[in-house]
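# Close look at the chain arrangement
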Amino acid sequence: MAIALSLLFVVSPLFPDKRVFVAVLHILVTAVGTLFIVNFKLRKPSAAEVVMITAIVAAAVVILVFIGHSWWIFVRHAGLGGLFQGGGF
């Protein structure tokens, strides 16, 4: 859940409206809850997979802590402004 929520909040400025964010949040919580209840078996991740997951979550946390929800401003300055028109929160 921690991985999913941090990634969701990082991409939240891409959503055009708060209602879309809330809908995606509800879907995410339902999916994580369903996977928690259903007893399924996964193989243990390899060291490379653990490093990759850790790097993705660390990047998401860095974006949330140091840049906040205005991270998309940096994307606009990079010349990709037409791709991201979401308002965020």
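Everything discussed here concerns the structure shown above.
With the rule as written, the count across this model stands at two aromatic pairs. Taken together, a centroid distance of 6.1 Å and an interplanar angle of 50° make the contact between Phe 15 and Phe 21 tilted. On the basis of relative accessible area, Phe 15 is assigned to the buried category, the value being 16%.

Next up on the list: the pattern of salt bridges. Per the counting criterion, the structure on display carries two salt bridges. Among the ionic pairs, Asp 17 bridges to Arg 19, the shortest N-O distance being 2.7 Å. A residue is classified by how much of its surface remains accessible, and Arg 19, at 67% relative accessible area, is exposed. In this structure, the salt-bridge partner of Arg 43 is Glu 49, at a minimum N-O distance of 2.8 Å. Relative accessible area serves as the criterion here: at 60%, Arg 43 is assigned to the exposed category.

Rules behind the numbers
Residues numbered from 1 in each chain as written. Predicted model: local features only at pLDDT ≥ 70, side-chain atom pairs only at ≥ 80, totals over all residues. Heavy atoms only, no water. Phe/Tyr/Trp six-rings, centres within 6.5 Å; stacked < 30°, edge-to-face > 60°. Buried < 20%, exposed > 50% of the residue type's maximum accessible area, 1.4 Å probe, protein only. Salt bridge = Lys/Arg side-chain N within 4 Å of Asp/Glu carboxyl O.

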